[in-house]
Amino acid sequence: MSATIISGKELAAQKRLEMKKEVEVLKEKGMTPGLAVILVGEDPASQSYVKAKARACEETGIHSELDIVPTSISEKELLKKIEDLNKASHIHGILVQLPLPDHISEKKVVETISPDKDVDGFHPINIGRMMTGQDAFSPCTPAGIIEMVKSKSIEIEGKHVVVVGRSNIVGKPVGQLFLNENATVTYCHSRTKNMKEITTSADILVVAVGRENFINGDYIKKGAVVIDVGVNRNSAGKLVGDVEFDTAKEKASYLTPVPGGVGPMTITMLLHNTIISARRLVD
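## Brief notes about helix H3 (residues 75-87)
Over its 13 residues, H3 extends 19 Å from the first C-alpha to the last, a length consistent with the 18 Å expected when each residue adds 1.5 Å. For H3, the complete set of buried residues consists of Glu75, Leu78, Leu79, Ile82 and Leu85. The buried residues of H3 occupy an angular sector of 115° when the element is viewed end-on, so they sit on one face. Away from its buried face by more than 90 degrees, H3 exposes Lys76 and Lys87. Each element contacted by the buried residues of H3 is listed here: strand E2 (34-40), strand E4 (93-96) and helix H4 (106-112).

What follows is the structure, given as structure tokens:
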């Protein structure tokens, strides 16, 4: 067998067309969704990601603002910028691009963003709401993963989902979102014993560890759905995932590629959350 590819690139393009129409409707009601991004420093990877967000906003008609500040900015100054954006009526989503310099507390930055404008879904209030099944902004990558699985009408309820990785950005929240969909969820991490026994029992396997080809076909149950969150650059300079694609595709029923898999859906869900934030003010 050879796995059916779940293309995040194609799904993102479809979703963004729908979002463009939704933004047009909001504009007719006098509401233009607005996203503000703060980038501290000039890290090339962060700059590239931020530019992709700006292009996506332009595609869908969302107003976007980018504030690039030097790494020498003080924590107090950065928090003041966030507080000003919290008060800005034309801004409905705020994102501070991570990572931050060592002298700035990521925790303070995340908690200063208003939960109502926390379109990244990292504020403890939104995390708590998500954990208890309430309406909340979900972290974008995990939310994108759920959308990708649902796009193929893959049944989630009652299935065994195994998440390899326990980061606050992807691993923990994606497991919770699957739990909210009535799946049975198991987490694997660096201290897990007999990992192969656990991963080969997964109906849906999500791999988010940031290690090139960490999972190969031997770790995958025949017919499982495999979601590869990793983006790594190999020795030849090629982008590869956490899953060894060639061996995985012979075991999996569905498989996400790298690149063109989960990545495009992350930005798409950021736009989705921004539109929701704006829509709350007119509905």
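## Side note on the layout of surface pockets
Approximately 1,300 Å³ is the volume found for the largest pocket. For the largest pocket, the lining is made up of 47 residues, of which Tyr49, Thr141, Val231, Gly263 and Thr266 are closest to its centre. Those elements that provide at least two residues to the lining of the largest pocket are helix H1 (8-28), helix H2 (44-60), E4, helix H6 (140-151), strand E9 (232-233) and helix H10 (262-279). Looking at which element gives the most residues to the lining of the largest pocket, the answer is H2, with 9 residues. A breakdown of the residues in the lining of the largest pocket according to their chemical character gives 25 nonpolar, 12 polar and 10 charged.

## Some points on the packing of aromatic side chains
What the rule picks out here adds up to 0 aromatic pairs. A cation over an aromatic ring shows up here: Lys196 above the ring of Tyr219, its NZ or CZ 5.3 Å from the ring centre. The ring of Phe137 is capped by Arg280, whose NZ or CZ atom sits 4.5 Å from the centre of that ring.

## With respect to the sheet that holds strand E7 (residues 204-207)
Remark on secondary structure: sheet strands pair via backbone hydrogen bonds, oriented parallel or antiparallel. Across the sheet, 6 strands lie side by side as E1-E11-E8-E7-E5-E6; this open sheet has parallel pairing. On the outer flanks of this sheet lie strand E1 (4-5) and strand E6 (184-188), each paired with one strand and no other. Where E7 and strand E8 (residues 225-228) come together, 4 bridges link them in parallel fashion. Directly across from Val207, in E8, lies its bridge partner Asp228.

## Section: the pairing of E4
Residues of E4 alternate between two faces, with Gly93 and Leu95 on one and Ile94 and Val96 on the opposite face, all of them buried. Pairing geometry for E2 and E4, over 4 bridges, is parallel. Bridge pairing links Leu35 to Gly93 in E4.

## So, unusual backbone geometry
Following Leu98, the chain continues to Pro99 via a peptide bond in cis, the omega torsion being 5°. Residue Pro259 is bonded to the preceding Val258 through a cis peptide linkage, with omega at 0°. Structurally, Pro259 is set in the loop between strand E11 (254-255) and H10. Residue Asn182 is not a glycine yet carries a positive backbone phi of 70°. Turning to its location among the elements, Asn182 is positioned in the loop between helix H7 (171-180) and E6.

## Describing the environment of Gln47
Looking at where Gln47 falls in the secondary structure, it is placed in helix H2. Sequence separation of Gln47 and Thr60 is 13 residues, and the distance between their C-alpha atoms is 20 Å.

## Notes on empty space enclosed by the protein
Evaluated as defined, the whole model comprises 1 cavity of 30 Å³ or more. Put simply, the largest cavity is a space of about 80 Å³. A per-class count over the lining of the largest cavity returns 6 nonpolar, no polar and 2 charged.

Reading the values: rules and limits
Residues numbered from 1 in each chain as written. Predicted model: local features only at pLDDT ≥ 70, side-chain atom pairs only at ≥ 80, totals over all residues. Heavy atoms only, no water. Helix = DSSP H or I, 4+ residues; strand = E, 2+ residues; numbered from the N terminus. Expected span 1.5 Å × (residues − 1). Buried < 20%, exposed > 50% of the residue type's maximum accessible area, 1.4 Å probe, protein only. Arc of directions from axis to C-beta. Contact = heavy atoms within 4.5 Å. 1 Å grid on protein atoms, 1.4 Å probe; cavity = no way out; pocket = protein on both sides within 12 Å on 5 of 7 lines; lining within 4 Å. Points joined across faces, edges and corners; volume = space filled by probe spheres on them. Nonpolar A, V, L, I, M, F, W, Y, C, P; charged D, E, K, R; others polar. Phe/Tyr/Trp six-rings, centres within 6.5 Å; stacked < 30°, edge-to-face > 60°. Lys NZ or Arg CZ within 6 Å of the ring centre and 35° of its normal. Pairing = 2+ DSSP bridges.

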